[in-house]
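One-letter residues, chain by chain:
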Amino acid sequence: MGKSMTDMVDSLEINGILPDEEMRELLKFRNKEITKYIFDKAYAVKEKYYGKNVYIRGTIEMTNYCKNDCYYCGLRRSNRFIPRFRLDEDDIMQFCDSGYKKGVRTFVLMGGDDYSFTENRVSKLISMIKDRYNDCAVELCLGERPSETYVKWFQAGADRYLLWHEAAGENYFRKVHPPDMSLLKRKQSLWELKRIGYQVGSGFMVGMPYQMVANVIEDLNFLKALEPHIIHLTPFIPTAHTIYESERSGNGEMTIYLMAILRLMLPRTLITADPALENVMADARKKAFLAGANEVFASITTDEIKEYYNVYNKKLSRRNTLGDEVSKMRLKIEESGNIAPSDKGDYNFPNEQETLYGKVHNIM
Ligand code: SF4
């Protein structure tokens, strides 16, 4: 007799991996009972390594210019319908100040691949933030850059780097990216960021056009091999003025289910509940906190900037992101029975980590 679904989940928890055929069953035959079983296990594992903590990451959307043209993204260079903006250093420091007062201890500098934020300019910015807030982490999400630039930014004090792999298989990657983008380069960048010593974040969208179960298994296996410190999954949201604007959204329940699977595959990982979840399911982030997610993004900029950056045309998400997002997120975290400490909330390293550039992370 074949293994039951609960046996597969138990085996996933013990071994951190499943044979592809069993993972396929877990994904294809998801039901209420197995969902509850895996969510409860994922929450218990998250509690073991991080207690009740769910960390709020203060995002600063610095630029919505991008040199790339990913088929699914509203910031793609060929979208002529969104007003473009770039923040200056004074604005960014002001947002850090107000975020810090609200208890934020990680500043995420986000943007498209915008080379007007040069290596030197970003280095100076990182140093300014770290000089003013030495108890805070700086997380970068600025796309693909040369290895020397990653090193410079790390040496300036950046702690983390987010770079979504988006699609681990070549054929599928090609379906959602233009020919001038390279999966190999994306994967090499991720390994390089790890080698330098960053806490690295990666992930993919759930329910993208053309995505098959086999693609998702490939993505899970890639993340298992990479062992990123942060995992960021979002449901696919069709966005106006993109190639896939008329497609259906990804499924919120499936996205959270995959987060729970990843919590069992990589127990110490920080798993982000993305604001996009609220586009497809009410109170989705609260549900994600109960399925092993333990960090969340909250913009610390203005409603106007959020509007130009968050280009999904959905009211549900807008309602959740307007105004003081940090206080709203703190409330949601507390309603889920967790707490939102004013703590930079690094990855739970099992041992000291010697990195290429000599940085040694804390042992927790
Ligand atoms: S997904 Fe990233 S790299 Fe691609 S167009 Fe959007 S912002 Fe640019």
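Residues numbered from 1 in each chain as written. Predicted model: local features only at pLDDT ≥ 70, side-chain atom pairs only at ≥ 80, totals over all residues. Heavy atoms only, no water.

What to know about the overall build of the protein chain
To keep things clear, this is the line we draw: Helix and strand definitions follow DSSP, with helices as H or I runs of at least four residues and strands as E runs of at least two, each counted in order from the N terminus. Every radius of gyration here is taken over C-alpha atoms, with the globule rule written as 2.2 Å times N^0.38, N being the number of residues. Each residue gets one of three labels from its accessible area relative to the maximum for its type: buried under 20%, exposed over 50%, partly exposed in between, using a 1.4 Å probe on protein chains only. Only heavy atoms matter for contacts: two residues are in contact if any of them lie within 4.5 Å across the pair. Areas reported here follow the Shrake-Rupley algorithm with a probe of radius 1.4 Å; residue values treat only the protein chains shown as occluding. The charge count includes Lys and Arg as positive and Asp and Glu as negative, but it does not include His or the ends of the chains. Note on charges: their place is set at NZ of Lys, CZ of Arg, CG of Asp or CD of Glu.
Looking only at helices and strands, the protein chain has 14 helices and 9 strands in total. Against the compact-globule benchmark of 21 Å for 364 residues, the protein chain has a radius of gyration of 19 Å, which places it among compact chains. Here the protein chain holds 364 residues, and the buried ones make up 58% of them. Restricting to contacts in the protein chain with at least 6 residues of sequence separation, those with at least 24 account for 74%. Summing over all exposed atoms, the protein chain offers an accessible surface of approximately 15000 Å²; the carbon and sulfur share of this is 51%. With 51 positive and 51 negative side-chain charges, the protein chain shows a separation of 2 Å between the mean positions of the two kinds.

A look at the layout of surface pockets
Quick reminder of the rule: Grid spacing is 1 Å over the protein atoms alone, the probe is 1.4 Å, and a cavity is where that probe fits but cannot get out, while a pocket is an open set with protein on both sides within 12 Å along at least five of seven lines and lining residues have an atom within 4 Å of a point. Grid points are joined across faces, edges and corners, and a volume is the space filled by probe spheres set on the points. Amino acids are sorted into nonpolar (Ala, Val, Leu, Ile, Met, Phe, Trp, Tyr, Cys and Pro), charged (Asp, Glu, Lys and Arg) and polar (every other residue, Gly among them).
By volume, the largest pocket amounts to about 300 Å³. Contributing to the lining of the largest pocket are 18 residues, with Val-206, Gly-207, Met-208, Gln-211 and Met-254 lying nearest its centre. Counting only elements with at least two residues in the lining of the largest pocket, the list comes to helix H2 (20-28), helix H9 (213-226) and helix H10 (252-265). In terms of residue class, the lining of the largest pocket is made up of 10 nonpolar, 5 polar and 3 charged.

Some thoughts on the pattern of salt bridges
In plain terms, the rule: What counts as a salt bridge is simple: a side-chain nitrogen of Lys or Arg found within 4 Å of a carboxyl oxygen of Asp or Glu.
A complete count under the given rule lists 28 salt bridges for this structure. Two residues, Glu-278 and Arg-285, come together in a salt bridge whose shortest N-O distance is 2.9 Å. Of the two residues examined, Glu-278 and Arg-285, each falls in the buried class. Glu-335 is the partner of Lys-286 in a salt bridge, and the nearest nitrogen-oxygen pair spans 2.9 Å. One end of the pair, Lys-286, is in helix H11 (residues 284-289); the other, Glu-335, is in helix H14 (residues 325-335), and 49 residues separate them in sequence.

Things to note about the site of the ligand
The condition that has to hold: Near residues are defined by distance, with any heavy atom within 4 Å of the molecule or strand qualifying the residue.
Taken together, Cys-66, Asn-68, Cys-70, Tyr-72, Cys-73, Arg-76 and Gly-112 make up the full set of residues adjacent to the ligand. Tallied by class, residues from the shell around the ligand come to 4 nonpolar, 2 polar and 1 charged.

Notes on the side chain of Lys-46
Among the secondary structure elements, Lys-46 is positioned in helix H3 (residues 32-50). This buried residue, Lys-46, is left without a salt bridge; Glu-47 holds the nearest opposite charge, at 6.2 Å. If near-sequence neighbours (up to four positions away) are discounted, Lys-46 is found in contact with Gly-51, Lys-52, Asn-53, Val-54, Arg-263, Gly-292, Ala-293, Asn-294 and Asn-338.

Quick notes on the packing of helix H8 (residues 183-196) against H9
Selection rule: Geometry is summarised by axes, namely lines fitted to C-alpha atoms with helices restricted to the contacting stretch, and by angles between N-to-C directions that run from 0 to 180 degrees. Roughly parallel here means an angle under 35 degrees, roughly antiparallel means over 145, roughly perpendicular means 65 to 115, and every remaining angle is called oblique. For any helix crossing, the convention is left-handed if the near helix is rotated counterclockwise from the far helix by under a right angle, and right-handed if that rotation is clockwise.
Put simply, H8 and H9 touch, their axes get as near as 11 Å, and they point 25 degrees apart. One way to sum up the angle between H8 and H9 is to call them roughly parallel. Seen from above, H8 lies across H9 with right-handed handedness. Contacts between H8 and H9 involve Lys-187, Leu-190, Trp-191 and Lys-194 from the former and Phe-222, Ala-225 and Leu-226 from the latter. Residues that form the contact of H8 with H9 fall into these classes: 5 nonpolar, no polar and 2 charged.

Here's the deal with unusual backbone geometry
The phi dihedral of Glu-227 falls on the positive side, at around 50 degrees, and the residue is not glycine. Note that Glu-227 resides in the loop between H9 and strand E7 (230-235). For His-241, which is not a glycine, the phi torsion comes out positive at approximately 65 degrees. Note that His-241 resides in the loop between E7 and H10. Overall, the relative accessible area of 35% leaves His-241 in the partly exposed class.

With respect to the environment of Asn-338
Condition: By the criterion applied in these results, polar contacts are pairs of N or O atoms within 3.5 Å in which, for protein atoms, one can donate a hydrogen and the other can accept it, and in which residues neighboring in sequence qualify only through two side-chain atoms.
With respect to the secondary-structure elements, Asn-338 resides in the segment after H14. C-alpha separation for the pair Asn-338 and Ile-305, spaced 33 residues apart in sequence, amounts to 29 Å. A polar contact is formed between the side chain of Asn-338 and the side chain of Ser-336, at a distance of 3.0 Å.

Brief notes about helix H6 (residues 147-156)
Those residues of H6 that fall on the buried side of the exposure criterion are Thr-149, Tyr-150, Val-151, Trp-153, Phe-154 and Ala-156. Phi turns positive, to about 125 degrees, at Gly-157, one or two residues after H6.

Thoughts on the nonpolar core
Selection criterion: For the purposes of this section, nonpolar cores are sets of buried Ala, Val, Leu, Ile, Met, Phe, Trp, Tyr and Cys residues that join through side-chain atoms within 4.5 Å.
Grouped together as the largest cluster of nonpolar side chains are 103 residues, with contacts concentrated most on Met-23, Leu-26, Leu-140, Tyr-198, Leu-258 and Ile-261. The element that contributes the greatest number of residues to this core is H10, accounting for 10 residues. Apart from the residues within four sequence positions on either side, Leu-140 is in contact with Leu-109, Ile-126, Trp-153, Ala-158, Arg-160, Tyr-161, Leu-162 and Tyr-198. Counting 13 residues, the second-largest nonpolar core is a separate cluster that includes Cys-70, Val-176, Met-181 and Phe-236.

A closer look at the environment of Arg-76
Here Arg-76 lies in the loop between strand E1 (55-63) and helix H4 (89-101). In this structure Arg-76 comes out as buried when scored by relative accessible area, which is 8%. Spatially, the C-alpha atom of Arg-76 lies 19 Å from that of Tyr-172, the residues being 96 residues apart in sequence. Those residues in contact with Arg-76 that sit more than four places away from it in its chain are Asn-68, Asp-69, Cys-70, Tyr-71, Arg-84, His-241, Thr-242 and Ile-243. Within the structure, the side chain of Arg-76 is placed 2.8 Å from the backbone oxygen of Cys-70, a separation counted as a polar contact.

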